[in-house]
Amino acid sequence: MSNDAATAATATPQAVDNPQQEPPAHGLGASLPPADARAKTEGTFPYASDLWAEGLLWAALLRSPHPHARITSIDTSAAADMPGVRAVITHADVPGDPAYGRCIADRPVFASETVRHHGEAIAAVAADHPDTARLAAAAIMVEYEILEPVTDPEKAFAADPLHPDGNLIRHIPLSYGDPDATGATVVEGLYRIGRQDPAPIGAEAGLAVPRPDGGVEIYTASTDPHTDRDLAAACFGLPPEQVKVVVTGVPGATGDREDPGFQIPLGLLALKTGCPVKLTATREESFLGHAHRHPTLLRYRHHADAEGHLVKVEAQILLDAGAYADASSESLAAAVAFACGPYVVPHAFIEGWAVRTNNPPSGHMRGEGAMQVCAAYEAQMDKLAAKLGLDPTEIRLRNALATGDLLPTGQTVTCPAPVAELLEAVREFPLPPLPMDTPEDAWLLPGGLEGAGEPGAVRRGVGYALGMVHMLGAEGTDEVSTATVKVHDGVATVICAAVETGQGFSTLARQVVQETLGIDEVHVASVDTDQPPAGPATHGRHTWVSGGAVERAAKMVRTQLLQPLAHKFGMSTELLQITDGKITSYDGVLSTTVTEAMDGKELWATAQCRPHPTEPLDDHGQGDAFVGLAFCAIRAVVDVDIELGSVRVVEMAVAQDVGRVLNPAQLAVRIEAGVTQGVGAALTENLRTARGLVRHPDLTGYALPTSLDAPDIRIVKLVEERDVVAPFGAKAASAVPVVTSPAAIASAVRAATGRPVNRLPIRPQAAVAVPNS
């Protein structure tokens, strides 16, 4: 579910377990509203689909109708001869690198000899009207030799290579402990996770404008503009300084909007025609073109002793990457490293693979890798509890990870890890009333207001799950961000290429400057690649890395501001403080305003933030691969019609390890959005394919949860134990509830029906109760 859609979903006001003092009016800890809230509400927010330029042409892409085929010929003559058509381009018109990719450059701009997935781009057209462009694209004649698609990732190992790089993208064999260790109790399971789509509500769109120097400017909702620029420039055959990416308003992103697959054709068309070219993707094109969550097959075996302490975990994890590598290597590393969950496991043997198939492409999406394994290991914990006769929460508490414990990768957990505290908080929170305690017309049957079920067939289930994610990049990624803070005439400006995707960076930057400099009016400049890079907007990294860069720059400006005063009064700057726009000394001798101290000067500073380095996992899956971790506990309450198999999520109680609350209102919204996205993954969202062909690539065939599907979301506890290595002590907020909530819902459905529930999303037949359950 998209970030903007999830944020709009209704949720019950929060009951937070750790009330604080009256929040400040501004600065860190204040519920400062987003700067773009009014523009979005009034419809004046500058989305890419609203852009216009003089002499504008319109683009359309021709996409493959086949998941696997050999291209024998491409005839563009009919399209080129159509009135109003200005350019038609194919693979032969790519002057630079023919392929691109964030980790591995294996994805062609246009298919040349082989089509590897349904919807792969083959050609692009620029015309003076969007309808003309679409008709011209349809007029391109392509002859195919249909090939048998490889759609089962298990068969990819023995299949003929689908790509020159082969079918295997990465294999991680993690070995930790004694392979001969066994437990008195053993449970096994086979689990399947479906293909969740980001489904951004805002249209994917872009505008490319040629420059006088022979370069091009691309206006789009990029979440990583510098990487997009570099990839595009390589394909254009231009130096990066001749390509500029300007970030337009991002209507929310959940790890998506990272694929430059339509930006590169746009730039090529603009360079060829010498005119601005615009493309607004249809919903079908979005489903076919961008990356999805990895469908995953997981086999697990858990060993435990008689008291329920974990002895060994064995697992096999197979990620379906689709046709190209994209972020599959990163996703696999997370899946393998977190395959045992937030539990102490003395012995672990995990094998993970990511393979190419002829299915739609997979890539970044909130909690990639971690969400899939969470559903599996939590199902295993439920099985162990049932087999040992233990309460599901008790077996989790007996094995809960804590600070100082080791991950199966051999890395020590040095950050706060209050896993047991989180689980106890949701366990002790009061359960919602049963339907029998309220009038029948005051509660919903599974299936909604017009549900066909009968109240007598409804069973209530309660389930629990613990989840974890890593923050920032991993395995040696150089995480760095640069920010500049300028102050003039009582107004501060922040310049940083960190893209606001709905995670709240722009608001955080304002709060940091307000607190550090005592200036209320703070503006955050729009983002383009003329600014120093700040990296992608994933894994909560902009709160940590870019926010840290803003804080350092603001503190440097603060020193510039205070030094003359400190020198004048013979004291150090540490003895001066700024509060509510006033500068005062510790002894009260000095008292002035920030405006008076500025005296018309312009002050500015630029700073970088770079967290401590990590290292790649070695040949045995060992290494300090992660900068930090975040944890979450969720209790799900569901009502299940055990005859029809329909499920309604009644309530989700959430306890989360947040490090520090920087913006209470925004944090609550991020958690609610993450939980709601997880509800979609658990119950409805699955981009279905048949022999590699995407079925119903639209919002009627792909069922997003609506506000009526959103449960009551109760944030029962926020643990504020600061991570000392993070600039503010805060942790990533939105990914870990996405990871945890599907597992909690599946656990609750198991409790209500007695069925194993080993597939997400949960199909109706899996929620029909077994006899006498």
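This write-up is about the structure you can find in this document. (Residues numbered from 1 in each chain as written. Predicted model: local features only at pLDDT ≥ 70, side-chain atom pairs only at ≥ 80, totals over all residues. Heavy atoms only, no water.)

## With respect to the overall build of the protein chain
The helix and strand tally for the protein chain stands at 16 helices and 31 strands. In terms of C-alpha radius of gyration, the protein chain reaches 27 Å, essentially the compact-globule figure of 28 Å for 773 residues. Each principal axis of the C-alpha distribution contributes one length, and for the protein chain these read about 85 × 75 × 60 Å. Classification of the 773 residues of the protein chain by burial places 60% in the buried group. For the protein chain, the proportion of contacts with a sequence separation of at least 24, taken over those separated by at least 6, is 80%. Of the accessible surface of the protein chain, which amounts to about 29000 Å², a share of 52% is contributed by carbon and sulfur atoms. Counting 58 positive and 94 negative side-chain charges, the protein chain places the averaged centre of each group 2 Å from the other. (Helix = DSSP H or I, 4+ residues; strand = E, 2+ residues; numbered from the N terminus. Rg over C-alpha atoms; globule rule 2.2 N^0.38 Å. Buried < 20%, exposed > 50% of the residue type's maximum accessible area, 1.4 Å probe, protein only. Contact = heavy atoms within 4.5 Å. Areas by Shrake-Rupley, 256 points an atom, 1.4 Å probe, with all protein chains shown as cover. Lys, Arg positive; Asp, Glu negative; His and termini not counted. Charge placed at Lys NZ, Arg CZ, Asp CG, Glu CD.)

## Some remarks on empty space enclosed by the protein
A complete count under the given rule lists 8 cavities of 30 Å³ or more for this structure. By volume, the largest cavity amounts to about 610 Å³. If you go around the largest cavity, you meet 39 residues; those closest to its centre are Gln503, Gly540, Arg670, Ala733 and Ser734. A breakdown of the residues in the lining of the largest cavity according to their chemical character gives 17 nonpolar, 16 polar and 6 charged. A volume near 230 Å³ is recorded for the second largest cavity. In terms of lining, the second largest cavity is formed by 19 residues, of which the most central are Arg63, Asp259, Gly261, Phe262 and Gly289. Contributions of two or more residues to the lining of the second largest cavity are made by β1 (57–63), β5 (107–108) and α7 (283–289). It is α7 that contributes the most residues to the lining of the second largest cavity, 3 residues altogether. (1 Å grid on protein atoms, 1.4 Å probe; cavity = no way out; pocket = protein on both sides within 12 Å on 5 of 7 lines; lining within 4 Å. Points joined across faces, edges and corners; volume = space filled by probe spheres on them. Nonpolar A, V, L, I, M, F, W, Y, C, P; charged D, E, K, R; others polar.)

## Here we look at the packing of aromatic side chains
Taken as a whole, this structure holds 6 aromatic pairs when the rule is applied. Their ring planes at 35° and their centres at 5.0 Å tell us that Phe338 and Phe626 sit as a pair that is tilted. One end of the pair, Phe338, is in the loop between α8 (328–337) and β17 (347–355); the other, Phe626, is in strand β26 (residues 626–641), with 288 residues separating them in the sequence. For Phe338, a relative accessible area of 1% puts it in the buried group. Accessibility expressed as a relative area gives 2% for Phe626, which makes it buried. The aromatic ring of Phe45 is capped on one face by Lys40, whose charged end is 4.9 Å from the ring centroid. (Phe/Tyr/Trp six-rings, centres within 6.5 Å; stacked < 30°, edge-to-face > 60°. Lys NZ or Arg CZ within 6 Å of the ring centre and 35° of its normal.)

## Overview of the layout of surface pockets
In this approach the atoms are scanned with a rolling probe the size of a water molecule, which exposes any empty space left behind. Here the largest pocket is characterised by a volume of approximately 1300 Å³. The wall of the largest pocket is formed by 49 residues, among which Leu683, Thr684, Asn686, Pro761 and Arg763 lie closest to the centre. Put simply, the parts of the chain that give the lining of the largest pocket at least two residues each are β10 (185–193), β15 (296–304), β16 (310–320), β27 (647–657), α15 (664–683), β28 (689–690) and β31 (759–760). Considering each element in turn, the lining of the largest pocket owes the most residues, 3 residues, to β27. Considered class by class, the residues forming the lining of the largest pocket number 23 nonpolar, 14 polar and 12 charged.

## Observations concerning the pattern of salt bridges
Side chains that differ in sign of charge can pair as their charged atoms come close. Scanning the model with the defined rule gives 35 salt bridges in all. Note that Asp36 and Lys40 form a salt bridge whose closest N and O atoms lie 3.7 Å from each other. Relative accessible area serves as the criterion here: at 35%, Lys40 is assigned to the partly exposed category. Among the salt bridges present, the one from Arg301 reaches Glu188, with a minimum N-O distance of 2.7 Å. Pair noted here: Arg301 is in strand β15 and Glu188 is in strand β10, with a separation of 113 residues, a long-range link. Overall, the relative accessible area of 47% leaves Glu188 in the partly exposed class. Several salt bridges share partner residues, and in doing so they unite Glu188, Arg301, Lys312 and Glu314 into one network. (Salt bridge = Lys/Arg side-chain N within 4 Å of Asp/Glu carboxyl O.)

## A look at the nonpolar core
Membership of the largest hydrophobic core comes to 166 residues, with the highest contact counts inside it found for Tyr300, Val485 and Ile745. Membership of the second largest hydrophobic core comes to 31 residues, among which are Leu231, Leu238, Phe262 and Ala270. (Core = buried A, V, L, I, M, F, W, Y, C linked by side-chain atoms within 4.5 Å.)

## So, a negative patch on the surface
A surface patch of like charges, here negative, comprises Glu615, Asp618, Asp619 and Asp624. Along the polypeptide, Asp619 turns up in the loop between β25 (603–609) and β26. (Patch = residues over 30% accessible without salt bridge, like charges linked within 9 Å, V, L, I, M, F, W, Y side chains within 5 Å.)

## Digging into the pairing of strand β3 (residues 85–89)
Counting buried positions along β3 yields 4 of 5 residues, so the element is predominantly enclosed. Relative to strand β7 (residues 121–127), β3 is paired through 4 bridges, and the arrangement is antiparallel. Paired with Ile89 across the two strands is Ala124, which belongs to β7. (Pairing = 2+ DSSP bridges.)

## Topic: the environment of Pro742
Residue placement: Pro742 occurs in helix α16 (residues 735–753). According to the relative accessible area criterion, Pro742 is buried, its value standing at 0%. Residues Pro742 and Leu683, 59 residues apart in the sequence, show an inter-C-alpha distance of 8.2 Å. Apart from the residues lying within four places of it in its own chain, the contact partners of Pro742 are Met371, Gly678, Ala681, Ala682, Pro737 and Leu760.

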